[in-house]
Amino acid sequence: MLKVNLSALRQELDKVENAGVNAAKRFTREAADTALELSTPTIKTGAYITSFQITTGGSGRSRGKSSHGKPKASNKQSKVNEARALLESDINKIDFSTVNGVVLRNGAPHAEYVELNEQGHIFSRLTQRMRTYNG
């Protein structure tokens with residue numbers, strides 16, 4: 001006869017759930033970091049890179065900054081760091097144990113221009129890279 005202790009079983013199930021949550025967070029962070037890496041060469045004012053946002057979908061206003069009238073960024077790395085902090089804040093607000101998915105988007109008014117005309121194609125390259133993610 002085998003007797004299963006329900007609290008021991010619950011502990012094992014919690015371990016599996018925690019592993020899944022941690023993997024989802026890692027994947028989301030890797031996607032964010034990759035988007036920033038791919039976007040860094042396009043930085044002019046920093047408006048595009050700091051307009052990335054991670055949400056759980058749905059409606060709502062996306063983070064979007066205009067580059068119109070802004071001076072050139074004097075330090076690209078500071079804009080990358082600012083964008084990383086914003087995305088990390090987004091990730092920290094998500095309950096990965098209950099969410100059905102996340103969305104990485106860029107709400108900059110000129111996002112389409114960057115995507116199509118700069119060193120862009122950021123989202124298509126990001127999709128390609130994340131298909132091969134094995135973190």
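Quick summary incoming for the structure in this document. Numbering of residues begins from 1 in every chain and follows the order in which that chain's sequence is written. Given that the model is predicted, a residue must reach a pLDDT of at least 70 before its local features are reported, and side-chain atom pairs must reach 80 or more before they are shown or counted; all residues, however, enter totals for whole chains, interfaces and linings. To get the side-chain values, all heavy atoms of the structure are used, and hydrogens and water are removed first.

**Brief notes about the overall build of the protein**
Each helix is a run of DSSP H or I of at least 4 residues and each strand a run of E of at least 2, with the numbering of both proceeding from the N terminus. In terms of regular secondary structure, the protein is built from 4 helices and 2 strands. Walking the protein from its N terminus toward its C terminus, one meets helices and strands in the order α-β-α-β-α-α. Taken over the C-alpha atoms alone, the protein extends approximately 75 × 30 × 25 Å along its principal axes. Think of it in three bands: residues with accessible area under 20% of the maximum for their type are buried, residues over 50% are exposed, and the middle band is partly exposed, with areas taken using a 1.4 Å probe on protein chains only. A buried classification covers 30% of the 135 residues belonging to the protein. Relative to all contacts within the protein whose residues are 6 or more apart in sequence, the contacts with residues 24 or more apart total 76%. Note on areas: these come from Shrake-Rupley sampling with a 1.4 Å probe, and a residue is covered only by the protein chains present in the view. Surface accessibility of the protein: about 8700 Å² in total, with carbon and sulfur atoms responsible for 52%. Distance between charge centres in the protein, computed from 20 positive and 13 negative side chains, equals 4 Å. Only heavy atoms matter for contacts: two residues are in contact if any of them lie within 4.5 Å across the pair. In this tally, Lys and Arg are treated as positive and Asp and Glu as negative; His is ignored, and so are the chain termini. By convention, charge coordinates are those of NZ in Lys, CZ in Arg, CG in Asp, or CD in Glu.

**Section: helix H2 (residues 76-92)**
In an α-helix there are 3.6 residues to a turn, and that puts residues three or four apart on one side. Helix span, expected: 1.5 Å multiplied by one less than the number of residues in the helix. For H2, which comprises 17 residues, the first-to-last C-alpha distance of 24 Å matches the rise-based estimate of 24 Å (1.5 Å per residue) to within 8%. Taken residue by residue, H2 has Val80, Ala83, Leu87, Asp90 and Ile91 as its buried positions. Take H2 and look down its axis: the buried residues cluster within an arc of 95 degrees, on one side only. Lining the buried residues of H2 we find helix H1 (6-39), strand E1 (52-55) and strand E2 (103-106). Polar contacts here mean pairs of N or O atoms no more than 3.5 Å apart (in protein, one a potential hydrogen donor and the other a potential acceptor; neighbouring residues in sequence count only if both atoms are side-chain atoms). Two or three places before Gln77, at the start of H2, stands the capping residue Asn75, its side-chain oxygen 3.0 Å from that residue's backbone nitrogen. Working definition: the arc comes from the directions between the helix axis and the C-beta atoms, pointing outward to the latter.

**Quick word on the environment of Arg84**
Mapped onto the elements of the fold, Arg84 is located in helix H2. In this structure, the C-alpha to C-alpha distance between Arg84 and Ala35, residues 49 residues apart in sequence, is 9.9 Å. In this view, Arg84 contacts Asp33 and Leu36; residues no more than four positions away in its chain are not counted. Only 3.2 Å separates the side chain of Arg84 from the side chain of Asp33, close enough to count as a polar contact.

**Side note on the packing of aromatic side chains**
When the centres of two rings from Phe, Tyr and Trp lie within 6.5 Å, Trp using its six-membered ring, the rings pair. Their planes under 30 degrees apart give stacked, over 60 give edge-to-face, and anything left gives tilted. Taken as a whole and assessed by the stated rule, the structure comprises 2 aromatic pairs. Consider the rings of Phe52 and Phe123, whose centres lie 5.9 Å apart with planes at 55 degrees: the pair is tilted. Of this pair, Phe52 sits in strand E1 while Phe123 sits in helix H4 (residues 122-131), and the two are 71 residues apart along the sequence. Accessibility expressed as a relative area gives 27% for Phe123, which makes it partly exposed. Feature note: the residues Tyr48, Phe52 and Phe123 constitute an aromatic cluster, connected by ring pairs.

**What about H1?**
The first and last C-alpha atoms of H1 sit 49 Å apart over 34 residues, in line with the 50 Å expected at 1.5 Å per residue. Among the residues of H1, those classed as buried are Val21, Thr28, Ala31, Ala32, Thr34, Ala35, Leu36, Leu38 and Ser39. Considering only its buried residues, H1 is in contact with E1, H2, E2 and H4.

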